[in-house]
Amino acid sequence: VDVNVFRVLPPSDNPDFDPEEDEPTLEASWPHLQLVYEFFIRFLESPDFKPFVAKRYIDQKFVLQLLELFDSEDPRERELLKTVLHRIYGKFLGLRAYIRKQINNIFLKFVYETENCNGIGELLEILGSIINGFALPLKDEHKQFLQKVLIPLHKAKSLSLYHPQLAYCVVQYLEKDVTLSEGVLHGLLKYWPKTSSQKEVMFLSEVEEILDVVGPTQFQQIQESLFKQIAKCVSSPHFQVAERALYFWNNEYIVRLIEENSDTIMPILFSCLYRISREHWNQTIVTLVYNVLKTFMEMNGKLFEELTASYKGERQREKKKEKDRDEIWKKIEQLSRVNESNANNNGGKQ
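Residues numbered from 1 in each chain as written. Predicted model: local features only at pLDDT ≥ 70, side-chain atom pairs only at ≥ 80, totals over all residues. Heavy atoms only, no water.

## A few points about the overall build of the protein
Alright, step 1. Regarding its fold elements, the protein presents 16 helices and zero strands.
Alright, step 2. A globule of 350 residues ought to have a C-alpha radius of gyration of about 20 Å, yet the protein, at 29 Å, is considerably larger.
Alright, step 3. Judged by the C-alpha coordinates and their principal axes, the protein covers about 105 × 60 × 35 Å.
Alright, step 4. Taking all 350 residues of the protein together, 45% fall into the buried category. (Helix = DSSP H or I, 4+ residues; strand = E, 2+ residues; numbered from the N terminus. Rg over C-alpha atoms; globule rule 2.2 N^0.38 Å. Buried < 20%, exposed > 50% of the residue type's maximum accessible area, 1.4 Å probe, protein only.)

## Considering unusual backbone geometry
Alright, step 1. Between Leu136 and the following residue, Pro137, the backbone shows a cis peptide bond with an omega angle of -5 degrees.
Alright, step 2. Within the secondary structure, Pro137 sits in the loop between α6 (120-132) and α7 (140-150).

## Remarks on the packing of aromatic side chains
Alright, step 1. For the structure shown, the criterion picks out 14 aromatic pairs.
Alright, step 2. Pairing Phe110 with Tyr162 gives two aromatic rings, centres 6.0 Å apart and planes at 75 degrees, and the pair type is edge-to-face. With a gap of 52 residues between them, Phe110 in helix α5 (residues 96-114) and Tyr162 in the loop between α7 and α8 (163-176) connect regions that are remote in the sequence.
Alright, step 3. Assessed through its relative accessible area of 2%, Phe110 is described here as buried.
Alright, step 4. Between Phe134 and Tyr173, the aromatic rings sit 6.1 Å apart at their centres with planes inclined by 65 degrees, giving edge-to-face as the arrangement. Of this pair, Phe134 sits in the loop between α6 and α7 while Tyr173 is found in helix α8, placing the two residues 39 residues apart along the sequence. Of the two residues, Phe134 and Tyr173, neither departs from the other in class, the shared state being buried. (Phe/Tyr/Trp six-rings, centres within 6.5 Å; stacked < 30°, edge-to-face > 60°.)

## Quick word on the nonpolar core
Alright, step 1. Ile88 and Leu150 are the most contacted members of the largest nonpolar core, which totals 110 residues.
Alright, step 2. Ranked by residues supplied to this core, first place goes to helix α14 (residues 262-279) with nine residues.
Alright, step 3. Excluding anything up to four places from it in sequence, Ile88 contacts Leu44, Ile58, Phe62, Val63, Leu66, Leu95 and Ile99. (Core = buried A, V, L, I, M, F, W, Y, C linked by side-chain atoms within 4.5 Å. Contact = heavy atoms within 4.5 Å.)

## What to know about the environment of Tyr112
Alright, step 1. Tracing the chain through its elements places Tyr112 in helix α5.
Alright, step 2. Remark: the alpha-carbon pair of Tyr112 and Leu153, spanning 41 residues in sequence, is separated by 9.4 Å.

## Let's talk about the packing of α5 against α6
Alright, step 1. Where α5 contacts α6, the two axes come as close as 11 Å, and the packing angle between them is 140 degrees. Accordingly, the angle class assigned to the pair α5 and α6 is oblique. For the pair α5 and α6, the crossing hand works out as left-handed. In this structure, α5 uses Arg100, Ile103, Ile106, Phe107 and Phe110 to contact α6, whose residues at the interface are Ile120, Leu123, Leu124, Leu127 and Ile130.
Alright, step 2. Here the residues of the contact of α5 with α6 are counted per class, giving nine nonpolar, no polar and one charged. (Axes fitted to C-alpha atoms, helices over the stretch in contact; angles between N-to-C directions. Parallel < 35°, antiparallel > 145°, perpendicular 65-115°, else oblique. Left-handed = near helix turned anticlockwise from the far one by under 90°. Nonpolar A, V, L, I, M, F, W, Y, C, P; charged D, E, K, R; others polar.)

## Points about helix α1 (residues 30-45)
Alright, step 1. Compared with the 22 Å implied by 1.5 Å per residue over 16 residues, the 22 Å span of α1 between its first and last C-alpha is a close match.
Alright, step 2. Every buried residue of α1 is listed here: Trp30, Leu33, Val36, Tyr37, Phe40, Ile41 and Leu44. All buried residues of α1 lie within an arc of 135 degrees about the axis, which places them on one face of the element. Opposite its buried face, α1 presents the exposed residues Pro31, Leu35, Phe39 and Arg42, each directed more than 90 degrees away.
Alright, step 3. Buried residues along α1 sit in contact with α3 (60-68) and α4 (75-91). (Expected span 1.5 Å × (residues − 1). Arc of directions from axis to C-beta.)

## Re the packing of α7 against α8
Alright, step 1. Their axes nearest at 11 Å, the elements α7 and α8 cross at an angle of 145 degrees. Relative to α8, the crossing made by α7 is left-handed. Within the contact between the two elements, α7 uses His142, Phe145, Leu146 and Leu150 and α8 uses Leu166, Cys169, Val170 and Tyr173.
Alright, step 2. Tallied by class, the residues present in the contact of α7 with α8 amount to seven nonpolar, one polar and no charged.

## Looking at the pattern of salt bridges
Alright, step 1. With the rule as written, the count across this model stands at nine salt bridges.
Alright, step 2. The shortest N-O distance in the salt bridge between Glu122 and Arg78 comes to 3.3 Å. A residue pair is termed long-range when its members are at least 10 positions apart, and Glu122 in helix α6 and Arg78 in helix α4 qualify at 44 residues.
Alright, step 3. Linking Lys228 and Glu224 is a salt bridge whose minimum nitrogen-to-oxygen distance equals 3.7 Å. (Salt bridge = Lys/Arg side-chain N within 4 Å of Asp/Glu carboxyl O.)

## Focus: the side chain of Asn300
Alright, step 1. In this fold, Asn300 is placed in the loop between α15 (283-299) and α16 (301-349).
Alright, step 2. Once residues within four sequence positions are removed from consideration, Asn300 is found in contact with Ser262, Asp263 and Met266.

## Section: the environment of Lys139
Alright, step 1. The topology assignment puts Lys139 in the loop between α6 and α7.
Alright, step 2. Sequence-wise, Lys139 and Leu293 are 154 residues apart; in three dimensions their C-alpha atoms are separated by 44 Å.

## Considering the state of the cysteines
Alright, step 1. With the rule as written, the count across this model stands at zero disulfides.
Alright, step 2. Not part of a disulfide, Cys117 finds its nearest cysteine sulfur in Cys169, a span of 15 Å.
Alright, step 3. Left without a disulfide partner, Cys272 is nearest to the cysteine sulfur of Cys233, which lies 10 Å away. (Disulfide = S-S within 2.5 Å.)

Below you can see the structure in the form of structure tokens.
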């Protein structure tokens, strides 16, 4: 492995390589590399394999060289590297903390320095299995990894390349310790995309997965700030963002949580829903909004009527303000014309 696989990866043929748009550069020596990788995997999986003997060769330096290869552009190589690293993590208990630390370093460098690493998705897949095996209660080291590494990974431009694996890791954490959900959701709100509708849709999908595992107590802690953001998404001019936000009401568990906290959530959403039902350009969105309003009416009819009356009263006040403003401007224009006329007459007399 040392002789045949470990190597300095060549610079990309395309310096402006975009993993979402461009085809990856495949490794020319792959037939040979594949043979070495598959032989090594069978060696690790062999029932005769003895970790206490192999640890003389599979050490921290070996793991570090292996991790550097995750930046390979060839997805076939990264797939086999993932299997190799997973087997090493399972067999060598003494290397586990070191492997987690080095993955941590790769992610930090990606988030805060380069935003350039081809193997983030594969490393997150390995992490998903590692997180699944964490013992309870979670160590502070693991909680810090969630807040300081996994959550900031959401802000990268290339999020779409690894978002499913990242969302899986986050949800795995919350299934282990649901009390972390408040920090996670506040973190997502902090990095909520402002200009990318594609990323907004991904964030909304992840929020729904998170809400599926939170309890009523945790939901109450984040409901106000979360639903203010959902109200913005529902009001988005991009119909896919609005549609994805409105699909929350197709989730029975989330609807039940909303119903239990309707006094808080309905006032946040009502005005934007009522406005969209009358003004939105997309008929699908209008239909979905009508369904949400109908759900609200069935949840809490009394509050629904109060909010309707309040909204109509507010609209009437706004129309009155607009009318008063128009009248003031008309008076200003009239005075301007009178003053101009007087000035012309005085000029003529002189």
